[in-house]
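Per-entry structural report
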Amino acid sequence: MTWLLPVAGDVAALRARIAALPAGDASPFAAIPGAHVGRLVVLDGLADPRGGPPSGPLLLVAVDADGTAAGATAAVAGRLGEVLAHCEGYPAAGDGADVDRWLRRHRVRDGFSLRPYPDATVEEVRRALDVRARLAAFAVQADGLTPAQLRAAFVEAFGR
């Protein structure tokens, strides 16, 4: 899901708010169930393809998550309110239904997904990455083992 939101007021304050967001597992995107990718980008402006005046500044919010569009919209509204509050027309009270309607008005239809594994859930990707990390560590530790020792160590580490 992607939204383009007109920024109201101080763009520098919005950029500072975004820069102050935690990363990794503490990121607001990490709290969105099934989120594969999330991005916040402040655009100074966009040219009108029909020749009109440029628009901007704009906040681009993009989330690629498992589940429904309604679920992604609700999750973004719930997790990014402090950022969205810098945008024009953001419902001051932060009422869930008002924020949901506001986000729906600013939604941009996605033409494609950047997910490299479109049929895999976030949990499946995390499990695969864990196996990959364990296998790499195993390969380093197994250097110099005989074939019999290597097999026994592999079975112990990964099962049959």
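Throughout, a residue's number is its position along its own chain's written sequence, starting from 1. Residues qualify for local features only when their pLDDT is at least 70, as the model is predicted, and side-chain atom pairs are given and counted only at 80 or more; totals for whole chains, interfaces and linings, by contrast, use all residues. With hydrogens and water stripped out, all remaining heavy atoms of the structure feed into the side-chain values.

**Here we look at the overall build of the protein chain**
Numbering of helices and strands runs from the N terminus; a helix is a DSSP stretch of H or I covering at least four residues, while a strand is a stretch of E covering at least two. In terms of helices and strands, the protein chain carries six helices and four strands. Helices and strands appear in the protein chain in the N-to-C order β-α-β-β-α-α-α-β-α-α. Accessible area is worked out with a 1.4 Å probe on protein chains only. A residue is then buried under 20% of its type maximum, exposed over 50%, and partly exposed in between. Residue burial in the protein chain is summarised as follows: out of 160 residues, 29% are buried. Residue contacts are counted whenever heavy atoms from the two residues lie within 4.5 Å of one another. Looking at the protein chain alone, contacts between residues at least 24 apart form 66% of all its contacts between residues at least 6 apart. By element, 56% of the accessible surface of the protein chain is carried by carbon and sulfur atoms, the whole surface being about 10,200 Å². Every accessible area reported is derived by Shrake-Rupley at a probe size of 1.4 Å, with residue values counting cover from the shown protein chains alone.

**Notes on the nonpolar core**
The tendency in soluble globular proteins is for nonpolar side chains to be buried as a group. By nonpolar core is meant a set of buried Ala, Val, Leu, Ile, Met, Phe, Trp, Tyr and Cys residues that side-chain atoms within 4.5 Å join together. Ranked by size, the top nonpolar core spans 28 residues in total, and within it Leu5, Leu59, Val61, Val76, Leu84 and Leu103 carry the most contacts. Filtering out sequence-adjacent residues up to four positions away, leucine 103 remains in contact with Trp3, Leu5, Thr73, Val76, Ala77 and Leu84.

**Concerning the environment of leucine 59**
Its place among the elements puts leucine 59 in strand 3 (residues 58-65). When the C-alpha positions of leucine 59 and valine 11 are compared, they lie 9.5 Å apart, and in sequence the two are 48 residues distant. Those residues in contact with leucine 59, other than ones at most four positions away along the chain, are Trp3, Leu4, Leu5, Val7, Leu14, Ile18, Leu40, Val41, Val42, Val83, Leu84 and Cys87.

**Here's the deal with the confidence of the model for the protein chain**
For the protein chain, mean pLDDT is 82; residues scoring 70 or higher make up 89% of the total. Confidence of the prediction at every residue is given by pLDDT, a number between 0 and 100. Mean pLDDT across the elements of the protein chain bottoms out in helix 2 (residues 69-79) (73) and peaks in helix 1 (residues 11-19) (94).

**Brief notes about the pairing of strand 3**
Buried residues dominate strand 3, accounting for seven of its eight residues. Where strand 1 (residues 2-6) and strand 3 come together, five bridges link them in antiparallel fashion. By the bridge assignment, tryptophan 3 is partnered in strand 3 with valine 61. The pairing criterion is simple: DSSP has to find at least two bridges between the two strands. Here strand 2 (residues 35-43) runs beside strand 3; their pairing, made up of eight bridges, is antiparallel. Bridge pairing in strand 3 links alanine 35 to alanine 65.

**Regarding the packing of aromatic side chains**
Side-chain rings of Phe, Tyr and Trp (the six-membered ring for Trp) are treated as a pair once their centres are within 6.5 Å; stacked means planes under 30 degrees apart, edge-to-face means over 60, and tilted covers the remaining angles. Scanning all chains against the criterion turns up four aromatic pairs. Their ring planes at 80° and their centres at 5.3 Å tell us that tyrosine 90 and tryptophan 102 sit as a pair that is edge-to-face. With a gap of twelve residues between them, tyrosine 90 in the loop between helix 3 (81-84) and helix 4 (96-105) and tryptophan 102 in helix 4 connect regions that are remote in the sequence. Considered together, tyrosine 90 and tryptophan 102 belong to a single accessibility category, that of buried residues.

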